[in-house]
Amino acid sequence: MKSRSEGFAGRAGPRYWWFRTVGRHYVPPVFAALTDDEWSVLEAWFAATDAMRPDTGECNVPAISVLHGLVMGSGIGHVVQLGHYLGYSTLLLGFMMRRMSRRRGVFSIDIDAEATDFTRAWIARAHLEDYVQLMVCDSADPEAPRQAHRYFGAEPDLVFVDSSHQYRQTLSELDLWYGQLRPGGLLLLHDASAFATQFDPRGEGGVQRALSEWLKRAPVPAILLNEGARPGVAGDTLVYGDPCGLGIVQRPL
Ligand SMILES: C[S@@+](CC[C@H](N)C(=O)[O-])C[C@H]1O[C@@H](n2cnc3c(N)ncnc32)[C@H](O)[C@@H]1O
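Below, the structure is looked at part by part. (Residues numbered from 1 in each chain as written. Predicted model: local features only at pLDDT ≥ 70, side-chain atom pairs only at ≥ 80, totals over all residues. Heavy atoms only, no water.)

Our next topic: the site of the ligand. Residues in close proximity to the ligand total 20 residues, the closest being Cys59, Gly83, Asp110, Ser139 and Asp162. One of the backbone N or O atoms of Cys59 is found 2.8 Å from an oxygen atom in the ligand. Asp162 is positioned with one of its side-chain polar atoms (N or O) 2.8 Å from a nitrogen atom of the ligand. Expressed as a share of its isolated accessible area of 610 Å², the protein-covered part of the ligand is 88%. Grouping the constituent residues of the shell around the ligand by class yields five nonpolar, 10 polar and five charged. (Near = heavy atom within 4 Å. Polar contact = N/O pair within 3.5 Å; in protein donor to acceptor, adjacent residues only side chain to side chain. Areas by Shrake-Rupley, 256 points an atom, 1.4 Å probe, with all protein chains shown as cover. Nonpolar A, V, L, I, M, F, W, Y, C, P; charged D, E, K, R; others polar.)

Time to look at unusual backbone geometry. Generally, phi is negative for residues other than glycine and the peptide bonds are trans, each holding for most cases. In the Ramachandran plot, Ser101 falls in the positive-phi region, its phi being about 55° despite a non-glycine side chain. Among the structural elements, Ser101 can be located in the loop between helix 5 (88–99) and strand 2 (106–110). A relative accessible area of 59% means that Ser101 is categorised as exposed. One non-glycine residue, His165, adopts positive backbone phi at about 65°. Residue position: His165 is located in the loop between strand 4 (158–161) and helix 8 (167–177). Exposure remark for His165: the relative accessible area of 17% places this residue in the buried category. (Helix = DSSP H or I, 4+ residues; strand = E, 2+ residues; numbered from the N terminus. Buried < 20%, exposed > 50% of the residue type's maximum accessible area, 1.4 Å probe, protein only.)

By themselves, these figures tell us nothing about what the structure is for.
Structure below.
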């Protein structure tokens, strides 16, 4: 019998690409760490979202595993997410917070009210309401950091940006959220590679251009994992296995 995500390798659809790649026929720790009840919620979530559309746009195993390692390895308890969509990363972050007994651990923003209703229903199904707060607004709304601060009673430790993929919006997000981090805090940006610039609907260079220009203005410690990954690159040929790339910025201590 296959355990947890091992059967995903046999599923069609772009969202399952990681599970089909050579050398990845194991259950990633971010799934292995779940209780049986949590896994059954996530499995049901995959089934429900598969039935809605073939590719639901959640972040993938390499990216969520970086978050998992950072959050659970350091007991990080105040995470802002920009872009929750249908709730994949939100459920997994909520499960991490519950494992660490960190109530009020995730404050997640999305501009899409319908997607937020869907995510809220799954947060309720997973009994994560004490750990996750959802807000419908623009990720660069200046009121949002105040709401996050009120929810945590503290500054964010980590901000995960996985929202519009637009160059200008990403610049606004960086300008607004970097300064909200507590010293030593981290800002992670999914889709920071050359490959992922195709996700900028305006064709203006996406997250990669925004982050590289912003870093010239604000020279702070940062790394862009797979910045140079281009269309056509296969994820299983990369050391960091996500062609979409990941930007990691740290507010200095
Ligand atoms: C890639 S999906 C997020 C996936 C999610 N992080 C996950 O891993 O499950 C991007 C989301 O960003 C949201 N978004 C796009 N532009 C936004 C904006 N200006 N403000 C807030 N959310 C935005 C979209 O509505 C969408 O739900």
